[in-house]
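Descriptive structure summary
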Amino acid sequence: MLVARTGYTTFAALIGLTCASAAAFEPPAKDENPDANIRKLMDGVSIERMSKHLFHLSKDPLPCRKLNFTLPGHEKNTLYEADDFLAGKLSSWGYRVEREGVKVQAFRCDPRKPKQHQYSPPKPEDPWYTAHNLYAEKRGRSRPEEIILALAHKDSQSWVDSPGANDNAIGTVGVLEIASVLSRHAPERTIRFLFCNEEHAPWTSVTAAQNARKRGDRIVAVFNLDGIGAKSAEETAAGKKTNVTAFTAPEGEWLAELMATVNARYGIGLQQRTVKRPGPGDDDGSFVRAGYTAAIINIGSWPYADPNYHAEGDIPERCDVENAALTVRATLAAMLTITQTGR
Ligand SMILES: [Zn+2]
């Protein structure tokens, strides 16, 4: 808690937020031209590459990503195949990938509930599987102990035959894209990537967050990408490019403000909105619960308005990849703003 608070004021000062508490802190030594560097890296975000990865993970060759579905004639289940795909990409860009196993079960399906909420708890006799958290990181040059975390849940819904394109192949390829762009960049603070699982029980981000806490990791900012660019059919048809940044604890608010700041500063063009979560939720919530309160989720709509949420129709053709790429650019800019101010 104390660490997070210190982080708040320090970072507020570092990134030039105009709040009274920040004024007391000395400005950091300036990078030669941090803005130009950030713009250059943002330009590296590729809609084409994101789209290619999205279709790979939610249509062909992988129609979904779950432990309880294996393609005919294949040895590994579709989630393991997705893991191999992600690890292969990350390795090819020079990252060392670590896997952390967590015992999970598939959710059961309760058809009496509304379509979006048909997941129900597994029974003890249901099969157990090992799901994996995948980690990769870029170690910081000058402040490696301070960690900026970008994460996304990579699995699709274990209780329904959905490709889970907006939920959450799109966020997965978003984090993958950030890793790709940063593969040849040397940040001041450590940038860590986590690909976790939230559509099986329990969520593996809980283990990730608790183990980080046990190790004493100093995670100064958590960015969860989930359903980025996903919104109502009306908003999509109207060509709206939206992002909602939701924070939970007061220590997360500066991150939400930073998303708005970079969106304006770099002319990214998102309709950017900030909301406060009523309590910890999703994978960012796992980190909040573990004491990492500087945590946000970037999501296309709030409340989540994708008409195909948790349904068979959540297909990649319906993803607004252009919108998602803008969100990735903004997230990347926010992460770089934090890391580049290191000395
Ligand atoms: Zn979901």
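Parameters at a glance
- Residues numbered from 1 in each chain as written.
- Predicted model: local features only at pLDDT ≥ 70, side-chain atom pairs only at ≥ 80, totals over all residues.
- Heavy atoms only, no water.
- Helix = DSSP H or I, 4+ residues; strand = E, 2+ residues; numbered from the N terminus.
- Expected span 1.5 Å × (residues − 1).
- Buried < 20%, exposed > 50% of the residue type's maximum accessible area, 1.4 Å probe, protein only.
- Contact = heavy atoms within 4.5 Å.
- Polar contact = N/O pair within 3.5 Å; in protein donor to acceptor, adjacent residues only side chain to side chain.
- Salt bridge = Lys/Arg side-chain N within 4 Å of Asp/Glu carboxyl O.
- Core = buried A, V, L, I, M, F, W, Y, C linked by side-chain atoms within 4.5 Å.
- 1 Å grid on protein atoms, 1.4 Å probe; cavity = no way out; pocket = protein on both sides within 12 Å on 5 of 7 lines; lining within 4 Å.
- Points joined across faces, edges and corners; volume = space filled by probe spheres on them.
- Nonpolar A, V, L, I, M, F, W, Y, C, P; charged D, E, K, R; others polar.
- Phe/Tyr/Trp six-rings, centres within 6.5 Å; stacked < 30°, edge-to-face > 60°.
- Lys NZ or Arg CZ within 6 Å of the ring centre and 35° of its normal.
- Pairing = 2+ DSSP bridges.

Compared with an ideal rise of 1.5 Å per residue, which puts 15 residues at 21 Å, helix H5 (residues 78-92) spans 21 Å between its outermost C-alpha atoms and is within 8% of the ideal. Taken together, the buried positions of H5 are Thr78, Leu79, Ala82, Asp83, Phe85, Leu86, Ala87 and Leu90. Against helix H4 (47-58), strand E1 (98-106), strand E4 (129-138), helix H6 (165-181), strand E6 (189-196) and strand E7 (200-201) lie the buried residues of H5. Looking at where H5 begins, the residue whose side-chain oxygen comes 3.0 Å from the main-chain nitrogen of Leu79 is Asn77. Of the residues trailing H5, Gly94 is marked for its positive phi of about 95°.

Where charged atoms from two side chains of opposite charge approach closely, those side chains can pair. One pass over the full model with this rule turns up 23 salt bridges. Residues Asp43 and Arg329 are paired through a salt bridge, measuring 3.8 Å at the closest nitrogen-oxygen approach. On the criterion of sequence distance, the pair formed by Asp43 in helix H3 (residues 34-43) and Arg329 in helix H11 (residues 321-340) is long-range, its members being 286 residues apart. Close ionic contact of Asp84 with Lys76 constitutes a salt bridge, the shortest N to O distance being 2.7 Å. On the basis of relative accessible area, Asp84 is assigned to the partly exposed category, the value being 30%. One continuous salt-bridge network, built from bridges that share partners, spans Glu137, Arg192, Arg215 and Asp217.

Membership of the largest hydrophobic core comes to 62 residues, with the highest contact counts inside it found for Leu182, Phe193, Phe223 and Leu332. Ranked by residues supplied to this core, first place goes to H11 with 12 residues. Those residues within four positions of Leu182 in sequence are excluded, and the remaining contacts are Leu41, Tyr95, Lys138, Ile191, Phe193, Leu332 and Leu336. With 16 residues, the next largest nonpolar core counts Leu151, Cys196, Ile219 and Tyr292 among its residues.

Glancing now at the layout of surface pockets. When its volume is computed, the largest pocket comes out at roughly 470 Å³. Residue composition of the lining of the largest pocket, by class: 12 nonpolar, 3 polar and 6 charged.

Here Asn243 lies in strand E9 (residues 242-247). A relative accessible area of 0% places Asn243 in the buried class. A C-alpha to C-alpha distance of 8.7 Å links Asn243 and Ala230, two positions 13 residues apart in sequence. If we ignore the near neighbours within four places in the chain, the residues touching Asn243 are Met259, Leu270, Gln271, Gln272, Arg273, Asn298, Ile299, Gly300 and Thr327. At a separation of 3.1 Å, a polar atom in the side chain of Asn243 contacts the side chain of Asn298.

Applying the stated criterion to the full structure yields 6 aromatic pairs. Between Phe107 and Trp159, the ring centres sit 5.7 Å apart and the planes meet at 90°, which makes this aromatic pair edge-to-face. Of this pair, Phe107 sits in the loop between E1 and strand E2 (108-109) while Trp159 sits in the loop between strand E5 (143-153) and H6; the two residues are 52 residues apart in sequence, bridging distant segments of the chain. Note on Phe107: relative accessible area 16%, which makes it buried. On the basis of relative accessible area, Trp159 is assigned to the buried category, the value being 8%. Of the aromatic side chains, those joined through ring pairs into one cluster are Phe107, Tyr119 and Trp159. Lying across the ring of Tyr119, Lys113 places its NZ or CZ 5.7 Å from the centre. Directly above the aromatic system of Tyr292 lies the positively charged group of Arg213, at a separation of 4.3 Å from the ring centroid.

Attention shifts here to helix H7 (residues 204-215). Given a rise of 1.5 Å per residue, 12 residues ought to cover 16 Å, and the 17 Å separating the end C-alpha atoms of H7 matches this to within 8%. Of the surrounding elements, those touching the buried residues of H7 are E1, E4, E6, strand E8 (218-225) and helix H10 (282-289). Gly216 occupies a position one or two residues after H7 and carries a positive phi of about 80°.

Read from one edge to the other, the open sheet built from 9 strands follows the order E7-E1-E4-E6-E5-E8-E11-E9-E10, with strand pairing classed as mixed. The two strands at the open ends of the sheet, each matched to only one other strand, are E7 and strand E10 (271-276). For E9 and strand E11 (residues 295-299), the ladder comprises 4 bridges, and the chain directions are antiparallel. Bridge pairing links Val244 to Ile299 in E11.

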